[in-house]
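# Tertiary structure, described
Chain by chain, the residues run as shown.
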Amino acid sequence: MSGAINLTLKIWRQKNAKEKGHLEVHNLENISTDMSFLEMLDVLNEGLTLEGKEPIAFDYDCREGICGACGAVVNGYAHGPRKGTTLCQLHMRHFHDGDTIVIEPFRARPFEIVKDLMIDRSAFDVIIQAGGYVSVNTGQAPEANSLPISEENSELAMDAAACIGCGACVAACPNASAMLFVGAKISHLTLLPQGKVEAGKRALSMLRKMDDLGFGKCANHTECEVQCPKEISITNIARLNREFIKASFGSSVR
Amino acid sequence: MKLDSKVPGGPLEQKWDKYLDDLKLVSPANKRKFGIIVLGTGLAGGSASATLAELGYNVKSFCLQDTPRRAHSIAAQGGINAAKNYPGDGDNIWRLFYDTIKGGDFRAREANVYRLAQISNRIIDHCTAQGVPFAREYGGLLANRSFGGAQVSRTFYARGQTGQQLLLGCYSAMMRQVSAGHIEMLPRREILDVVIVDGCARGVVVRNLITGEIEKHAAHAVVMATGGYGNAYYLSTNGMNSNVSAAFKAYKKGALFANPCFVQIHPTCIPVHGTYQSKLTLMSESLRNDGRVWVPKNSGDKRSPNEIPESERDYYLETKYPAYGNLVPRDVASRNAKEQCDMGKGVGPTGLAVYLDFRDPIQRDGKDVIERKYGNLFDMYERIVGENPYETPMMIYPAVHYVMGGLWVDYNLMSTIPGLFVLGEANFSDHGANRLGASALMQGLADGYFVIPYTIGGYLAGTFLSEVNATHPAFEDTAQQAREKIQKLSALKGHRTVDDIHRELGHILWEHCGMARSEEGLLKAKELIPPLREEFWENAIVPGGPDDLNQTLERAGRVADFLEFAELMVEDAISRKESCGCHFNVGYQTEEHEALRQDDTSCYVSAWEYAGKGKSPVLHKEPLAFENVHLTQRSYK
């Protein structure tokens with residue numbers, strides 16, 4: 001139930017992509033345990049604003065765990081220590097009075113820091129542009145029920161499609177690999193007959209794009225799965241590898 | 001000004017097809033000569049951008065977020081309606097049309113709503129082809145569920161994430177066109193103004209949120225799909241960055257604003273926990289299928305709910321509405337919850353909540369049955385509130401959810417500014433005075449995938465547009481005004497935070513222009529808003545400067561617009577001398593406290609014209625003619 005706690009925050013400040021950043025210490029008192037983590041940061045920012053200082057920049061929008069805008073590394077974990085939870089849905093009741101909390105942006109070479117905790121994840125858009133779609137124009141579609149899809153595959157596709165594109169998987173990975181993100185999209189589309197036609201081309205081109213953008217290789221640390229706020233399974237990476245190998249050896253697409 | 005809805009003649013069922021037959025076309029070779037700006041990348045803007053690019057137009061697409069995939073359409077949970085009649089339960093286009101028009105309490109245009117119902121089926125076809133993983137039956141065909149009181153099952157869904165999956169469909173279609181070079185994507189841009197040349201919308205001025213640079217962009221037409229203004233109330237289920245600014249700037253440039261007082265308040269949201277609450281979370285309405293709503297009989301009863309004996313509980317909805325009980329429509333449920341809390345019977349730490357209790361259904365059906373039905377919702381509740389709803393009754397309270405009002409558009413979805421088209425929640429067109437569940441996704445996608453691609457062609461082919469680029473003086477004038485406003489905002493170094501002022505505005509609107517409105521309360525709001533606006537311009541604090549990323553400055557710009565727009569909402573509520581749908585004026589109710597429409601005098605769309613700074617806006621009325629449906633009074637007793 002409701003209570004109030006005092007906290008020490010060590011929080012990353014960085015003016016822009018070019019300047020060097022540092023950890024700044026702030027003490028917060030009387031934080032209601034019913035608050036979300038981002039509301040706690042709001043309180044800090046209101047205080048900073050009243051002192052005439054610049055508030056901490058961080059991305060947010062829906063605050064219900066679906067838009068994928070928010071995210072920071074909290075005490076070493078992407079989106080904080082609670083499993084299957086985005087930062088906006090992490091509540092302060094999971095912290096204790098007197099805790100010190102270290103808050104840093106998601107770090108990976110392809111994700112440049114914009115300001116403080118805010119990062120540039122446009123590399124994800126570039127990966128999707130490389131083939132994360134079914135090539136169908138508006139108006140071309142056949143009657144929806146003309147293509148039955150087994151409930152099992154449909155559910156598996158939905159599991160993968162639940163990815164919110166927040167970038168936690170990349171931040172969690174020691175190699176800064178985007179394999180879980182790419183694997184989720186490849187799985188979503190390959191599991192459905194609509195996506196089969198372009199499967200080979202998609203796997204090759206999305207994976208190559210991922211490499212070009214500077215994301216690392218997968219070394220099966222599985223940290224991505226552990227820290228993913230939507231609990232996307234690493235079996236999606238296995239499916240991606242299978243599709244990639246299939247396309248590399250068995251298809252005419254190069 | 002004469003409002004011409006441009007609704008074509010002929011029988012209702014044939015209007016759209018006949019209209020398409022006569023619409024002017026732009027040839028494939030000529031489409032690439034036209035540039036179109038699309039503002040917003042939610043379901044309406046995203047689907048419009050993708051489709052216009054597929055057709056060959058040069059599209060420039062703008063959004064506030066870091067990527068188009070984060071537009072707030074993503075948070076829609078329930079589903080999307082279509083008249084497929086897959087379950088064979090008697091649904092058809094007419095029924096979907098009729099339910100939508102009746103649900104809107106007969107304050108929408110027949111022709112627009114009928115077209116929406118006609119298009120609904122093609123949306124499902126297209127989204128399925130894109131790979132949207134809609135729920136399926138074991139046989140592999142698409143599943144449907146019932147929703148929002150309709151007597152048929154016509155709602156398609158992808159778990160509780162239908163909005164997310166449909167938006168990712170739009171997003172992937174957009175990304176395909178970005179890679180094909182037909183869409184230029186400009187994320188992290190705030191729309192500051194629309195540029196008008198020779199009376200037509202020819203571009204926009206935007207602020208690059210990273211660099212602070214004011215940019216000018218020209219095109220042949222502008223499509224605005226910037227969502228709704230629910231955040232005028234500060235707390236709502238909207239994304240925190242949702243705002244009215246683009247639509248409001250268009251209004252100031254001559255686009256009429258329709259029905260601004262039509263705001264839907266959803267009954268089942270997680271209650272406010274304290275001053276620093278930043279947004280409200282919706283819980284699916286389906287919970288009311290089993291949960292029982294109650295408050296303690298005695299006001300000020302602070303015992304924990306499980307200690308309150310049956311005889312001291314007031315199941316007020318079941319008592320008042322024996323036929324529908326806990327399943328009364330959204331507006332009725334919301335109003336009654338507020339009434340109980342106003343009487344001091346509210347529960348929880350703030351006294352602004354009522355119980356939604358699953359004790360009886362768990363005893364009746366067993367915990368596992370309830371868990372199968374509502375498990376994910378119970379988990380969500382526990383995550384946010386920290387209480388287990390299997391053991392302690394849930395607490396719920398109404399919250400602002402969706403706005404039916406928006407910029408006035410004709411049958412082509414064009415505003416009163418030629419060349420400015422408005423789609424999705426940003427326009428007023430299809431939901432009348434109240435929106436039915438699972439209809440917002442349908443409308444956004446209908447507008448973007450299947451209406452605008454045709455009607456914009458008709459406009460471009462039939463209008464002489466001189467060659468204009470961003471060096472035209474109108475662009476620099478508009479940019480200069482925008483720059484001055486930004487300078488003025490970033491010079492604010494007072495003593496009160498922007499959020500604090502916004503919170504106060506929200507409180508005024510919630511109290512006086514919310515679920516139950518009175519002449520007296522509305523006049524009070526009208527009196528309270530201008531001084532608050534003055535205080536904002538004297539006493540707000542905007543730290544930092546305008547030349548780099550500054551989130552307070554972004555919010556300040558939006559709040560400045562809300563502070564002006566709020567007055568228009570109140571003005572509209574005062575002018576509508578009836579109750580209809582979500583607009584409940586206590587002076588117009590039946591003996592059973594239901595909304596009492598005044599069809600003789602109020603069967604119109606209100607459309608407001610900006611008259612200049614410090615002047616009262618001018619009301620224009622578009623009369624609504626119902627040729628195909630009979631106007632009836634709702635009753636849920």
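Residues numbered from 1 in each chain as written. Chains lettered and ligands numbered in written order. Predicted model: local features only at pLDDT ≥ 70, side-chain atom pairs only at ≥ 80, totals over all residues.

Another aspect to go through is the overall build of chain A. Secondary structure summary: chain A contains nine helices and seven strands in total. Intrachain contacts of chain A at a sequence separation of at least 6 include 71% that bridge at least 24 residues. (Helix = DSSP H or I, 4+ residues; strand = E, 2+ residues; numbered from the N terminus. Contact = placed C-beta atoms within 7 Å.)

Turning our eyes to something else, we now look at the environment of Leu282 of chain B. Mapped onto the fold, Leu282 of chain B is located in the loop between β11 (263-269) and β12 (292-296). Ignoring sequence-local partners within four residues, the contact set of Leu282 of chain B consists of Gln77, Thr237, His266, Cys269 and His401 of chain B.

Every contact between the two is made by 66 residues of chain A and, on the other side, 63 residues of chain B. When contributions to the side of chain A that touches chain B are tallied by element, the ones reaching two or more residues are α1 (37-50), β6 (113-115), α2 (122-129), α3 (151-161), α5 (179-190) and α6 (193-196) of chain A. Its residues assigned to classes, the side of chain A that touches chain B comprises 29 nonpolar, 21 polar and 16 charged. (Nonpolar A, V, L, I, M, F, W, Y, C, P; charged D, E, K, R; others polar.)

Turning our attention to helix α9 (residues 235-250) of chain A. Residue and element names in this part refer to chain A. Here α9 is 16 residues long and its end C-alpha atoms lie 22 Å apart, about the 22 Å a rise of 1.5 Å per residue gives. Those residues of α9 lying buried are Asn236, Ile237, Arg239, Leu240, Glu243, Phe244 and Ala247. Buried residues along α9 cover an arc of 160 degrees about the axis, so they all sit on one side. Opposite the buried face of α9, by more than 90 degrees, sit the exposed residues Ile245, Phe249 and Gly250. Along its buried surface, α9 packs onto α3, α5 and α7 (199-212). (Expected span 1.5 Å × (residues − 1). Buried ≥ 20, exposed ≤ 12 C-beta atoms within 10 Å, placed from the backbone. Arc of directions from axis to C-beta.)

What follows deals with the sheet that holds strand β9 (residues 221-224) of chain B. Residues and elements named next belong to chain B. Reading across the sheet, the five strands line up as β5-β2-β1-β9-β17 and stay open at both edges, with parallel pairing between neighbours. The sheet is open, and its two borders are formed by β5 (183-186) and β17 (420-422), each paired with just one other strand. For this sheet the average axis-to-axis angle between neighbouring strands, irrespective of direction, equals 20 degrees. Judged from the three bridges that link them, β9 and β17 form a sheet pairing that is parallel. The residue bridging Met224 from the neighbouring strand is Val422, located in β17. Packing against the sheet, helix α12 (residues 440-462) makes contact with β1 (35-39), β9 and β17, and its axis sits at approximately 155 degrees to β9. (Pairing = 2+ DSSP bridges. Axes fitted to C-alpha atoms, helices over the stretch in contact; angles between N-to-C directions.)

Residue and element names in this part refer to chain B. Spanning 13 residues, helix α3 (residues 43-55) covers 18 Å between terminal C-alpha atoms, matching the ideal 18 Å at 1.5 Å per step. The buried count for α3 comes to 13 of 13 residues, which makes it a mostly enclosed element. The positive-phi residue at the C-terminal boundary of α3 is Gly56, with phi of around 115 degrees.

To continue, consider the domain arrangement of chain A. Residue and element names in this part refer to chain A. Each domain of chain A was delimited in the assignment, giving domain 1 (4-114) and domain 2 (122-250). One C-alpha centre belongs to domain 1, the other to domain 2; they are set 29 Å apart. Taken together, the residues of the side of domain 1 that touches domain 2 sort by class into nine nonpolar, seven polar and two charged. (Domains from an automatic or database assignment.)

Attention now goes to the environment of Val629 of chain B. Residue and element names in this part refer to chain B. Summarising the element assignment, Val629 is placed in the segment after β21 (618-623). On the basis of neighbour counts, which here come to 16 C-beta atoms within 10 Å, the residue Val629 falls in the partly exposed class. When the C-alpha atoms of Val629 and Lys84 are compared, they prove to be 22 Å apart, with 545 residues separating the residues in sequence. Excluding anything up to four places from it in sequence, Val629 contacts Tyr98, Ile101 and Glu110.

Residue and element names in this part refer to chain B. Here chain B is described as being made up of domain 1 (266-400) and domain 2 (473-595). Taking only C-alpha atoms into account, the centre of domain 1 sits 30 Å from that of domain 2. With five residues of domain 1 at the interface, the matching set in domain 2 holds five residues. Considering each element in turn, the side of domain 1 that touches domain 2 owes the most residues, four residues, to helix α9 (residues 330-342). Considering only residue class, the side of domain 1 that touches domain 2 consists of one nonpolar, one polar and three charged.

Bringing the nonpolar core into the picture now. With 285 residues, the main nonpolar core has Val223, Met224 and Leu407 of chain B as its most contacted residues. Other than its neighbours up to four places away in sequence, Met224 of chain B contacts Leu39, Ala246, Ala247, Ala250, Leu420, Phe421, Val422 and Ala426 of chain B. (Core = buried A, V, L, I, M, F, W, Y, C linked by C-beta atoms within 7 Å.)

This paragraph deals with unusual backbone geometry. All names here are of chain A. Non-glycine residue His79 carries a positive phi angle of around 65 degrees. Mapped onto the secondary structure, His79 falls in the loop between β4 (77-78) and β5 (100-104). Under the C-beta neighbour-count criterion, His79 is labelled buried, with 28 such atoms within 10 Å. Backbone geometry at Ala176 places phi at a positive 50 degrees, although glycine is not the residue there. Examined against the element boundaries, Ala176 turns out to sit in the loop between α4 (168-172) and α5.

Before going further, it helps to examine the packing of α5 of chain A against α9 of chain A. Residues and elements named next belong to chain A. Two elements in contact, α5 and α9, have axes separated by 8 Å at closest approach and are oriented at 70 degrees. Comparing their axes, α9 and α5 come out roughly perpendicular. The segment α5 lies against α9, with Met179, Leu180, Val182, Gly183, Ala184, Ile186, Ser187 and Thr190 engaging Asn236, Ile237, Arg239, Leu240 and Glu243. The residue inventory of the contact of α5 with α9, partitioned by class, reads seven nonpolar, four polar and two charged. (Parallel < 35°, antiparallel > 145°, perpendicular 65-115°, else oblique.)

Residues and elements named next belong to chain B. An order of β11-β15-β14-β12-β13 is seen for the five strands of this open sheet, with the pairing classed as antiparallel. Of all the strands in the sheet, the pair left with one neighbour each is β11 and β13 (313-314). Looking at chain direction, strand β14 (residues 354-357) and strand β15 (residues 394-403) are connected through three bridges and run antiparallel. Its bridge partner being in β15, Leu356 is matched across the sheet by Met394. Contacts from α9 reach β11, β12, β14 and β15, with the element oriented near 70 degrees to β11.

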